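Examining the three-dimensional arrangement
The residues making up each chain are set out below.
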Amino acid sequence: MKSNDLLKLTSYMPEVTNYNSQLNSLAERWDLLTLLGQMSNLGMDMSDTREEFQNLTEQLLLKLGAERLKKLTSEMNSKAQVAVDIVVRNLFERTADIGFLATDDDIREYLEIILSNDKTSDEYRQKKALHKKALVQRFNEYIAKYSVYDNIVLFSTSGEILVQLDQNNNNTKSTCNFINEALTSSQGYVEYYGHCDINPSKQKSLIYAYKVTRTNDSGSEVLGVLALFFKFEDEMSGIFNNLLEEDDWMNILLLDSSANVISSSDPSHIPLGTTLQKVINDDYKIVRFAGREYLAKTCKTNGYQDFFGLDWLGHVMIPLENAFSITSNTVLPQLNKNVLDSVMNNSNLFGQELITIPKEAEKIQKELDITVWNGNVKIANSKGGDNSFSKALLIEISKTGSKTKTIFEDSIANLNNTVISSILNDVSFLAKLAIDIMDRNLYERANDCRWWALTTFFRKSLKNPHAKHEDISKILAYINDLYTVYTNLFVYDKDGTIIAVSNQEEGHIIGSKLSDSWVADTLNTTDSQSYCLSPFSKSSLYANRHTYIYGASITDINENNEVLGGIGVIFDSEPEFYAMLSDTLPKDKENEIKEGYFALFCDREKTIVSSTNKELKIGDTLSISDDFFNLKSGGSHANIIEYQNKYFSVGSSLSKGYREYKIDDNYSNDVIAVVFAEIADIDVNKLKEDNTVKSYSYSKPQNDEPTTDISTFFLQNIIYGIESKSIVSSLSHQPLTKIIGCNDYFIGVISHIGKTIGVVALHSLITGEKFVYDHAIHDVILLELEYEGKEVNLGVAIDHIYDSPEIADKDIQYYKSSILGNDTLTKAVVKPEKDVHKEELLSILDVHAIYKKMSGFTTKF
């Protein structure tokens, strides 16, 4: 990430500029308070605190900016990559379509009629017209199923248009290059994107072409060329709509290999034909276009099964002035502080800076609290003089510190939320991608079975009792070689008896009768647009494993669509679903699924359909919250959850269908993609911590009534107080020197202003439990008192200081030892404010009692 870019980009980030404005205003106030502190009788020097505050401000704002930029550029990269990869996956299917359709017997027979020598007879003209009509009808049937095309054209070898689906097109011949390419290509299919005289109104068309041949004694003879015209603009519009949010400022584009725009999510913004700058090797780049600056990112396709299409590129651009105004639709989970700390401290997703910044903010706040606390102690111990200015200064410092703390906490929370929302956006995006890939794939399966059921040879063979079913098996085998996502294709008669298979290893099922309900449903269907589907369950036709089997009826089109039998196609669900999930997940350097990630397809009942996690088997139940499954069509959910003693970010998305599939075809089957990304181990100790922030209020003294200054602190989340006159100061981050062989109460000594002072564990004195001192988190209060005629000093270790209230004497309830006992450390309690009943009372400790309890078994210092 370029530092110069970051400084520039933060000026476009509303949150960063807002925090910067607030913190700059506070910085000016700190400058004034630092000066006043030096002028006061407290002799306070806050220069170091001011400098630390300024350094942390810069660090915090830059980190917030960096994380916002990282989140945005990650999203840009994902969308650019998906935009090109999804369309390449789709076009891979088109190469199989054209290859198979070009071998269609009906198309070949028509071309043979056209090429016959007798072209003048009435019989020829009648036969030609009849076959042409049938072929147009067949093309209509094809596009009714494979709705990704809008035209099918059959050409002669010279480019003459013999038959086309679009009856409104008056062109009779084409000179497009793809025709000659198809005639001479050794690859088979031709993929062409460019201007075509058949579609003069369009700038460019995406066409798949294949030569139609017949085999004779001299080898293979070319009869013509078949072309499928892909609905390119329509398909890209659907892809863009899936990737863009409402009010999204991103412009997603598809570029050709020369970086020319061939598709744009907003053509009025970035028109087709525009040449843009590629940004492939960088995470992002600031580029200029039409007088504005943009963030841009370009991605090459990952390809699909070694198919890369025409080397198109996915590209995303977003105007700088709008880049960071996008708000995420992800609903952030309400994580308690313990969970957030556990996630942050045990996850590599949070960099060291993210962990350090909150600690640094706490350190500065603690130093400030110590300064104010000690200032109040100094005022309480001052011998006469007017302390009103100093008191007012400390109050103002405390208020400014509180404002600073609030802004820091808010900005740190925003920083954490940026990281967490980025994590949740990632898994949610991957889940949406996975289910979209599944819908698109199964759309093709529904099309395949219906189209193959219309194979003329199948219909003729089922009508002919003497037909050789081995010939059906040969055709099925040829189809299966082209469409490898199936383990077997089979044809059965109207009684449900299998008569032919594509997979010779499954030849033993020929002659067996099918009794599944989906078969009966298929045999009762006469509509060529309908298909039937088995539930996702174990099948003997798939080695007793879970799968889907698609079926369509084979009908006699000349006899009121009488059902003659049906075709079944067995989807190879285990490897195919696994591949869809795997392709969705991020990869490591060895192109394996990145550690900590796994994904699943499940049904509404949480039953697993497919999983990349070997421990979660197909047919098992996924035990996570119902929130991930109670979704509307196309809906998604993301959260951080505890799963198998770890924290995971989890995203889910419900199938919404693709084109007609699951939308207009009367088929309903809710499948949900669930993506897991491990983010941290569960820190059990952190979860047990009580981070409840307690606050206490006291009645304010009225007029000139007598008062006592109390300095308060926390110990094991309980508030205590000591009269300020007995306190010298408090120390933070104070190391101790341990004394070997002493008891558990006495935890060490410190050196302070030329004196060696013993420190006792106040918690141990009160409870008898062992106290482990940690100078990074605990404070020490230095006491000074007169005991048996001598001035003595003592340090007491506490959790942390709190405040320094001035309490009216009338609100302090003192107790005699005769009531409480001789061993009590409590001197008095402070009455709460009126109408406060549930608040814990402030106990004032007796420093003499503390020293007395220690004097019997501690060394005197």
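Fair warning: this is a prediction, and the values are worked out from it, not measured in the lab.

**What to know about the overall build of the protein**
Secondary structure summary: the protein contains 19 helices and 34 strands in total. Its C-alpha radius of gyration of 39 Å places the protein more than 25% over the 29 Å reference for a compact globule of 861 residues. Out of the 861 residues belonging to the protein, those deemed buried represent 52%. For the protein, restricting intrachain contacts to residue pairs at least 6 apart in sequence, the fraction spanning at least 24 positions comes to 63%. About 40700 Å² of surface is accessible on the protein, with carbon and sulfur atoms providing 46% of the total. Within the protein, the 121 negative side-chain charges are centred at a point lying 1 Å from the centre of the 85 positive side-chain charges.

**A closer look at the pattern of salt bridges**
Taken as a whole, this structure holds 42 salt bridges when the rule is applied. Measuring nitrogen to oxygen at the nearest pair gives 3.4 Å for the salt bridge that ties Lys391 to Glu806. Highlighted residues: Lys391 in helix 11 (residues 388-452) and Glu806 in strand 31 (residues 806-808), separated in sequence by 415 residues. Judged by relative accessible area, which is 31%, Lys391 ranks as partly exposed. Residues participating in the shared-partner salt-bridge network are Asp234, Glu235, Asp436, Arg440 and Arg659.

**What to know about the sheet that holds strand 10 (residues 313-319)**
Read from one edge to the other, the open sheet built from five strands follows the order 7-6-10-9-8, with strand pairing classed as antiparallel. Single-partner strands in this sheet number two, and they are strand 7 (261-264) and strand 8 (285-289). The sheet shows a mean angle of 35° between the axes of neighbouring strands, taken without regard to direction. Together, strand 6 (251-255), strand 9 (292-300) and strand 10 form the strand contacts of helix 3 (residues 47-101), whose direction differs from that of strand 9 by roughly 50°.

**Points about the packing of aromatic side chains**
All chains considered together, the criterion is met by 37 aromatic pairs. Between Tyr531 and Tyr550 the ring centres are 6.4 Å apart and the planes differ by 35°, which places this aromatic pair in the tilted class. A residue pair is termed long-range when its members are at least 10 positions apart, and Tyr531 in the loop between helix 14 (517-523) and strand 13 (532-533) and Tyr550 in strand 16 (residues 549-556) qualify at 19 residues. Classification of Tyr550 as buried rests on a relative accessible area of 0%.

**Focus: the nonpolar core**
Residues Leu295, Trp452, Tyr550, Phe577 and Phe601 are the most contacted members of the largest nonpolar core, which totals 165 residues. Residue contributions to this core peak at 26 residues, all from helix 11.

**Some thoughts on the environment of Trp518**
One can find Trp518 in helix 14. Under the relative-accessibility criterion, Trp518 is labelled buried at 4%. Residues Trp518 and Cys532, 14 residues apart in the sequence, show an inter-C-alpha distance of 6.0 Å.

**A few points about the sheet that holds strand 3 (residues 190-194)**
One open sheet accounts for five strands, arranged 2-1-5-4-3; its pairing is antiparallel. Of all the strands in the sheet, just strand 2 (161-164) and strand 3 have a single pairing partner and so form its edges. Strand-to-strand twist across the sheet, computed as the mean angle between neighbouring axes with direction ignored, equals 25°. Direction of pairing for strand 1 (residues 149-155) relative to strand 2: antiparallel, over a ladder of three bridges. Residue Val153 lies in a different strand from strand 2, and its bridge partner there is Gln164. Packed onto the sheet, helix 4 (residues 105-114) meets strand 1, strand 2, strand 4 (205-216) and strand 5 (219-230) and runs at close to 70° relative to strand 4. Sitting on the sheet, helix 5 (residues 122-145) is in contact with strand 1, strand 2 and strand 5, with an inclination near 150° to strand 1.

**Focus on the packing of helix 10 (residues 352-380) against helix 11**
Packing of helix 10 against helix 11 leaves a shortest axis separation of 10 Å and a crossing angle of 170°. Put simply, helix 10 runs roughly antiparallel to helix 11. On helix 11, the residues that touch Leu354, Ile357, Pro358, Ala361, Gln365, Leu368, Thr371, Val372, Gly375, Asn376 and Ile379 of helix 10 are Ser390, Lys391, Leu394, Ile397, Ser398, Gly401, Lys405, Ile412, Leu415 and Val419. For the contact of helix 10 with helix 11, the class distribution of residues is twelve nonpolar, seven polar and two charged.

**So, the side chain of Ser263**
Tracing the backbone through its elements, the reader meets Ser263 in strand 7. Residue Ser263 is classed as buried on the basis of its relative accessible area of 7%. If sequence neighbours within four positions are ignored, Ser263 has contacts with Phe232, Met236, Phe240, Ile252, Leu253, Leu254 and Leu272.

**Considering the packing of helix 12 (residues 456-463) against helix 13 (residues 469-482)**
It is at 10 Å that the axes of helix 12 and helix 13 come closest, and there the two elements cross at 160°. In this view, helix 12 runs roughly antiparallel relative to helix 13, as classed from their interaxial angle. Pair helix 12 / helix 13 crosses with left-handed handedness. Taken together, the residues of helix 13 that come into contact with helix 12 (itself represented by Phe457, Phe458 and Ser461) are Asp471, Ile472, Ile475 and Leu476. Its residues assigned to classes, the contact of helix 12 with helix 13 shows five nonpolar, one polar and one charged.

**A closer look at empty space enclosed by the protein**
Here the structure, examined in full by the defined rule, presents five cavities of 30 Å³ or more. In this structure, the largest cavity encloses a volume near 140 Å³. Around the largest cavity, the lining residues are Ile86, Arg89, Asn90, Glu93, Tyr304, Ile437, Arg440, Asn441, Glu444 and Tyr658. Of all the secondary-structure elements, those providing two or more residues to the lining of the largest cavity are helix 3 and helix 11. Grouping the amino acids of the lining of the largest cavity by side-chain chemistry returns four nonpolar, two polar and four charged.

**Overview of helix 19 (residues 847-855)**
Among the residues of helix 19, Val847, Ala849, Ile850, Tyr851, Met854 and Ser855 are the ones counted as buried. Tucked inside the fold, the buried residues of helix 19 contact strand 24 (718-723), strand 27 (755-761), helix 17 (762-767), strand 28 (779-787), strand 29 (790-798) and strand 34 (842-845). You can read the cap of helix 19 off the contacts: a side-chain oxygen lies 3.0 Å from the backbone nitrogen of His848, and it is on Asp846.

**Regarding the environment of His469**
Tracing the backbone shows His469 in helix 13. C-alpha separation for the pair His469 and Val491, spaced 22 residues apart in sequence, amounts to 9.3 Å. Setting aside residues up to four positions removed in sequence, His469 forms contacts with Ile499 and Ala500.

**Observations regarding the confidence of the model for the protein**
Across the protein, the average pLDDT comes to 89, with 93% of residues at 70 or higher. Overall, residues 857-861 carries pLDDT values under 50, and its contacts beyond four positions in sequence, including any with other chains, amount to ten contacts.

**Let's talk about helix 13**
With 14 residues, helix 13 ought to run about 20 Å at 1.5 Å a step, and its terminal C-alpha atoms sit 20 Å apart, in line with that. Within helix 13 the residues assigned to the buried category are Ile472, Ser473, Leu476, Ile479 and Asn480. Each buried residue of helix 13 lies within a common arc of 120° when the element is viewed along its axis, so the set occupies one face. Across from the buried face of helix 13, at angles greater than 90 degrees, the exposed residues are Glu470, Lys474 and Asp481. Summarising the contacts, the buried residues of helix 13 are in contact with helix 3, helix 11, helix 12, strand 11 (486-493), strand 12 (498-501) and strand 17 (562-571).

Reading the values: the criteria
Residues numbered from 1 in each chain as written. Predicted model: local features only at pLDDT ≥ 70, side-chain atom pairs only at ≥ 80, totals over all residues. Heavy atoms only, no water. Helix = DSSP H or I, 4+ residues; strand = E, 2+ residues; numbered from the N terminus. Rg over C-alpha atoms; globule rule 2.2 N^0.38 Å. Buried < 20%, exposed > 50% of the residue type's maximum accessible area, 1.4 Å probe, protein only. Contact = heavy atoms within 4.5 Å. Areas by Shrake-Rupley, 256 points an atom, 1.4 Å probe, with all protein chains shown as cover. Lys, Arg positive; Asp, Glu negative; His and termini not counted. Charge placed at Lys NZ, Arg CZ, Asp CG, Glu CD. Salt bridge = Lys/Arg side-chain N within 4 Å of Asp/Glu carboxyl O. Pairing = 2+ DSSP bridges. Axes fitted to C-alpha atoms, helices over the stretch in contact; angles between N-to-C directions. Phe/Tyr/Trp six-rings, centres within 6.5 Å; stacked < 30°, edge-to-face > 60°. Core = buried A, V, L, I, M, F, W, Y, C linked by side-chain atoms within 4.5 Å. Parallel < 35°, antiparallel > 145°, perpendicular 65-115°, else oblique. Nonpolar A, V, L, I, M, F, W, Y, C, P; charged D, E, K, R; others polar. Left-handed = near helix turned anticlockwise from the far one by under 90°. 1 Å grid on protein atoms, 1.4 Å probe; cavity = no way out; pocket = protein on both sides within 12 Å on 5 of 7 lines; lining within 4 Å. Points joined across faces, edges and corners; volume = space filled by probe spheres on them. Polar contact = N/O pair within 3.5 Å; in protein donor to acceptor, adjacent residues only side chain to side chain. pLDDT = per-residue confidence, 0-100. Expected span 1.5 Å × (residues − 1). Arc of directions from axis to C-beta.

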